[in-house]
Amino acid sequence: MKKIFLLCILSAGIHSISAQKKVVDSIAYQSWKRVGTSKISYNGNWVTYKTVFQDTEKESEPETFIVNTKSGKKQTLNKISDANFVGTGDILMYQENNITYLHNLAAGTKKAWKISDYTQALEGTNYLYYTHYGNPANKLVFFDLGKNDSIVINNIKSSKILRGQKIIFTQVNDNTIVLKYGDIKGPYKEIYSSPADAFGDFSMNTNEYEGSFTTKSDPNNDVNALHYFNLKTNTQKEVLDFNAIKWQDKDYVFSRSAYPFTENSRFIYLNIRSASNQYPDNRIKKSDIDIWKWNEGSMERRLAKVRNEKASAKDPLYVYDLKEKKIIKI
């Protein structure tokens, strides 16, 4: 009798619970949300995230949630965009009403960033940096969020920021171009200098202490020399005369650019392109539709073929042997 009584109670309880459940239908689904974009500050003290509806056709609220990971306290910012943590502290950078702000979350203060030039944060540092393009000279500016001060490199032509807060750049002064390297805050060592119209370009190896640059002996002609440089030894030397390359493939030409390689490397992989700079154009002119075969390779190569920007997948591969001073076709 007791067993029957208990079974009746359980049955009644289950029926009561099931009666309270809401029906999961399309209306319920439209109210479901999930975390969309989330970011964490460098010091780990703050997290930002947005929520979006599971139903992609339903517009989400323009809200950004900010959570203090230590206290758990949450605040909401409405109608902001491009929110990113910058520096190593508590600063969130975002746009509101077409104005860029630097918001110190710990202090609860914010100020407008009045620089109109495209600004980036140097990850793992307190630097914001931007290039100001002027007439005739450009300048590269590093703004220190902690010190509220700037480092300015004037008359800059090209630059590359390296690991460990290092920078390599070319600077033009009085018709002379100088390739320099050093800490962002300086001092900068001179790697090479020449007349401004006698310098081509430079590139860095992935190890970030070796690289190459090109020069020309005649300002009216293309670059003719490739140089290797080493930042650890602060040395450079010419390793290749482009004019000495005995090129025989009439269908292609090679690029005279700063090829990345190491001093101990014997071979340079040459970038080539069609001598006519024209690949077959498979587009239908009236509709501008691109026709590709299924086996033409990756999307990048397909687009390159249509745009005449790079070699196609079927182009040959050439390397130059620096020791034997000859071309090898692979």
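Residues numbered from 1 in each chain as written. Predicted model: local features only at pLDDT ≥ 70, side-chain atom pairs only at ≥ 80, totals over all residues. Heavy atoms only, no water.

K.L.:
For this particular structure, what's the right way to read unusual backbone geometry?
P.N.:
The phi torsion of most residues other than glycine is negative, and most of the peptide bonds are trans. The omega torsion of the bond from Gly186 to Pro187 falls at -5 degrees, within 30 degrees of zero and hence cis. Tracing the backbone shows Pro187 in the loop between β15 (176–183) and β16 (188–195). Here the phi dihedral of Asn155 falls at roughly 55 degrees; this positive angle occurs in a residue that is not glycine. Following the sequence through the fold, Asn155 ends up in the loop between β12 (149–154) and β13 (156–162). Positive phi outside glycine occurs at Gln165, with the angle close to 60 degrees. (Helix = DSSP H or I, 4+ residues; strand = E, 2+ residues; numbered from the N terminus.)

K.L.:
What should I look at first to understand the sheet that holds strand β17 (residues 199–204) in this one?
P.N.:
Across a sheet, paired strands are connected by hydrogen bonds in the backbone, their directions being either parallel or antiparallel. Read from one edge to the other, the open sheet built from four strands follows the order β17-β18-β19-β20, with strand pairing classed as antiparallel. The sheet is open, and its two borders are formed by β17 and β20 (235–241), each paired with just one other strand. Averaged over all neighbouring strand pairs, the angle between strand axes comes to 25 degrees, with direction disregarded. (Pairing = 2+ DSSP bridges. Axes fitted to C-alpha atoms, helices over the stretch in contact; angles between N-to-C directions.)

K.L.:
What exactly am I supposed to notice about the sheet that holds β13 here?
P.N.:
An order of β13-β14-β15-β16 is seen for the four strands of this open sheet, with the pairing classed as antiparallel. Each end of this open sheet is capped by a strand with a single partner; those strands are β13 and β16. Taken pair by pair, the neighbouring strands of this sheet meet at an average axis angle of 15 degrees, ignoring direction.

K.L.:
Help me understand the nonpolar core, please; the structure alone is not making it clear to me.
P.N.:
A general tendency of soluble globular proteins is for nonpolar side chains to be buried together. Residues Leu240, Phe242, Ile268 and Leu270 are the most contacted members of the largest nonpolar core, which totals 16 residues. Residue assignment for this core shows that the elements contributing at least two residues are β19 (225–230), β21 (252–254), β22 (267–270) and β26 (318–321). Those residues in contact with Phe242 that sit more than four places away from it in its chain are Thr214, Val223, Asn224, Ala225, Leu226, Phe254, Ser255, Arg256, Ser257 and Tyr259. Core analysis: the second largest hydrophobic core is formed by 13 residues, Tyr181, Ile191, Phe199 and Phe213 among them. (Core = buried A, V, L, I, M, F, W, Y, C linked by side-chain atoms within 4.5 Å. Buried < 20%, exposed > 50% of the residue type's maximum accessible area, 1.4 Å probe, protein only. Contact = heavy atoms within 4.5 Å.)

K.L.:
How do you make sense of the pairing of strand β4 (residues 74–78) when you look at a structure like this?
P.N.:
For a regular strand, the rule is simple: side chains alternate between the two faces of the sheet. Judged from the five bridges that link them, strand β3 (residues 63–68) and β4 form a sheet pairing that is antiparallel. Bridge assignment links Thr64 to a residue of β4, and that residue is Leu77.

K.L.:
Any chance you could explain the environment of Ser255 here in plain terms?
P.N.:
Residue placement: Ser255 occurs in the loop between β21 and β22. Sequence separation between Ser255 and Asn271 is 16 residues; the distance between their C-alpha atoms is 5.5 Å. In contact with Ser255, not counting residues within four places along its chain, are Phe242 and Asn271.

So far we have only geometry, and geometry alone does not tell us how the molecule works.
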